Amino acid sequence: MLSEVIKSIVRFILLVLVQVLLFNKIRFAGFINPFVYPLFILLLPVRIPKTLLLLLSFITGLSIDVFSDTLGMHAAATVFLGFLRPTILKILAPRDGYEAEASPRLHDMGILWFLYYLLISIFAHHLFLFYTEVFRFNEFWYTFLRVILSTLTSVLLIIVILYLFDKQKEKR
Amino acid sequence: MRNLFLFLSRHYFSILFLLMEALCFYLIAQNNSYHNAGMLNSANQVVATMYDGVSKVTDYLNLAENNRRLAEENAQLRAMIPESHFDTTLVKSTVQDSLHNQQYSYIEARVINNSTNRRNNYLTLNRGADAGITPEMGVITGHGIIGIVKDVSAHYCTVISFLNTQSKVSVRFKKNNYNGSMIWDSDNGPTEATVIDIPRHVPFKIGDTLVTTAYSAYYPEGIMVGTVKEYFLDPGSNSYQIILKLSAGFNDVSYVYVINNLLKNERKKLEDNLKDAK
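Rules used in this analysis
- Residues numbered from 1 in each chain as written.
- Chains lettered and ligands numbered in written order.
- Predicted model: local features only at pLDDT ≥ 70, side-chain atom pairs only at ≥ 80, totals over all residues.
- Heavy atoms only, no water.
- Helix = DSSP H or I, 4+ residues; strand = E, 2+ residues; numbered from the N terminus.
- Rg over C-alpha atoms; globule rule 2.2 N^0.38 Å.
- Buried < 20%, exposed > 50% of the residue type's maximum accessible area, 1.4 Å probe, protein only.
- Contact = heavy atoms within 4.5 Å.
- Areas by Shrake-Rupley, 256 points an atom, 1.4 Å probe, with all protein chains shown as cover.
- Pairing = 2+ DSSP bridges.
- Axes fitted to C-alpha atoms, helices over the stretch in contact; angles between N-to-C directions.
- pLDDT = per-residue confidence, 0-100.
- Salt bridge = Lys/Arg side-chain N within 4 Å of Asp/Glu carboxyl O.

Caption draft 1: Examining the overall build of chain A more closely. Across its full length, chain A holds eight helices and zero strands. Against the 2.2 N^0.38 benchmark of 16 Å for 172 residues, chain A shows a C-alpha radius of gyration of 16 Å, consistent with a compact globule. Counting all 172 residues of chain A, 53% fall into the buried class. For chain A, the proportion of contacts with a sequence separation of at least 24, taken over those separated by at least 6, is 68%. Of the roughly 8300 Å² that chain A leaves accessible, carbon and sulfur atoms contribute 72%.

Printed below as a string of structure tokens:
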């Protein structure tokens with residue numbers, strides 16, 4: 001249990017750093033910004049208390065905001081993701097439910113399940129984030145295109161990150 | 001009362017969610033106002049120190065390009081000093097020049113964080129209140145304008161980049177005095193801007209240079225902003241829209257000058273009187 005907490009803290013620090021020092025500087029094809037930090041929220045244990053989940057979402061989003069001078073924007077989107085996560089997990093639940101101590105993991109749940117999980121969650125997060133950033137609907141379809149393409153890029157990058165760093169833990 | 005508690009306990013998660021979203025949007029609204037003295041921005045000590053360390057490393061990547069730009073700027077400045085001009089007068093004036101009081105002073109600063117890929121972009125500089133920087137000072141490079149100082153901490157400051165959907169800078173053609181407004185949208189990308197309100201009768205061609213006007217309280221007059229890349233008549237109006245190639249390289253800017261307009265307060269006070277009179 002304790003080691004899980006420490007692992008989560010390390011994961012939090014690494015994901016925030018990678019996001020603000022690397023991925024914030026990236027702009028594929030002119031307008032695609034990948035955001036990988038929501039992965040932290042997605043990897044929290046399934047049975048985490050809901051209040052704690054919202055609180056952690058807020059802190060994660062706020063950390064990104066402080067680094068990128070977008071106070072409130074990432075916090076709002078990540079809290080939205082935290083709010084949706086229990087519902088998403090319920091929809092995607094396997095027939096016999098989740099194990100008591102389980103966290104959603106790529107190698108436990110299988111690539112297909114995890115891909116669905118990522119696509120739904122990241123799409124919800126990006127949708128909220130990009131429309132909050134634009135804050136008007138008169139570029140609706142352009143923003144929507146940015147959401148779709150950024151979602152696909154983020155999901156791809158997250159899968160790569162997981163294969164690079166999460167797989168090794170399995171071997172141990 | 002009991003029903004109320006029942007309702008609260010059943011929906012506490014949704015209520016908590018809505019409260020937190022309300023807090024977030026309050027923060028967003030706060031951040032959009034010009035000044036905020038809060039610590040939740042990249043001028044705060046922890047974040048800025050980290051960006052400072054990282055930029056010390058990444059600066060090496062642009063070293064060659066920066067040296068070239070500095071040399072270029074030195075050459076331009078050298079051409080401006082009196083010794084570079086051929087003296088056509090026979091008697092050198094010895095009168096102390098009282099016509100030219102200094103209006104602008106410049107503070108050199110290093111960019112330690114920079115974004116160009118969002119709708120509202122910001123920079124962080126390694127100079128703050130200690131170096132005499134205050135909010136609303138203009139920021140330029142040797143090649144063009146960069147933005148306006150937003151928040152200042154003891155050793156760092158944040159700058160609203162010109163690459164910001166709320167930016168509007170008054171510009172004019174270098175060769176004549178016709179002026180317009182330069183604005184930016186994320187469609188422009190980090191290398192371009194749009195100039196609007198150029199009347200139809202103004203003669204210009206592709207490649208013409210645009211500079212800042214004296215209307216702005218932030219920038220001195222005549223700072224280059226960019227060159228005309230393409231233009232077209234704004235449908236439904238009688239003015240041109242110009243797509244401008246920005247002369248400042250926003251993507252790899254690393255050294256900038258913060259402009260201290262020594263007469264800004266005087267001018268602002270005078271112009272504020274007009275607002276009160278309305």
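From this point, the discussion proceeds with the structure in view.
Caption draft 2: Fine view of the sheet that holds strand β9 (residues 209–212) of chain B. Residue and element names in this part refer to chain B. Taken in spatial order, the six strands of this closed barrel run β6-β7-β8-β11-β10-β9, and their pairing is antiparallel. On average, adjacent strands in this sheet sit at an angle of 40° to one another, irrespective of strand direction. Bridge count between strand β7 (residues 179–183) and strand β8 (residues 192–199): three bridges; the pairing is antiparallel. Note that in β8 the partner of Ser181 across the bridge is Ile196.

Caption draft 3: Fine view of the sheet that holds strand β2 (residues 120–125) of chain B. Residue and element names in this part refer to chain B. Here we have six strands rolled up into a closed barrel, ordered β1-β2-β5-β4-β3-β12, and antiparallel in their pairing. For this sheet, the mean inter-axis angle between neighbouring strands, taken without regard to orientation, is 45°. Note: strand β3 (residues 138–141) against strand β4 (residues 144–152), four bridges, orientation antiparallel. Directly across from Val139, in β4, lies its bridge partner Gly147.

Caption draft 4: Structural detail: the confidence of the model for chain A. All names here are of chain A. Taken residue by residue, chain A gives an average pLDDT of 85. The fraction at 70 or more is 94%. Within chain A, no element has a lower average pLDDT than helix α8 (residues 167–171), which sits at 49, and none a higher one than helix α2 (residues 39–42), at 93. Ignoring residues within four places in sequence, the model shows residues 168–172, a span with pLDDT below 50, making one contact including any to other chains.

Caption draft 5: Unusual backbone geometry, seen in detail. Residues and elements named next belong to chain B. The phi torsion at Glu136 lies on the positive side, around 75°, for a residue other than glycine. Checked against the element boundaries, Glu136 lands in the loop between β2 and β3. Positive phi is not limited to glycine here, since Asp197 has a value of about 65°. Considering the arrangement of structural elements, one finds Asp197 in strand β8.

Caption draft 6: Main features of the pattern of salt bridges. All names here are of chain B. Applying the stated rule across the entire model yields 13 salt bridges over all chains. Across the pair Glu65 and Arg69 runs a salt bridge whose closest N-O atoms are separated by 3.3 Å. Pair noted here: Glu65 and Arg69 are both in helix α4 (residues 63–80), with a separation of four residues, about one helical turn. For Glu65, a relative accessible area of 27% corresponds to the partly exposed category. We classify Arg69 as buried; its relative accessible area is 17%.

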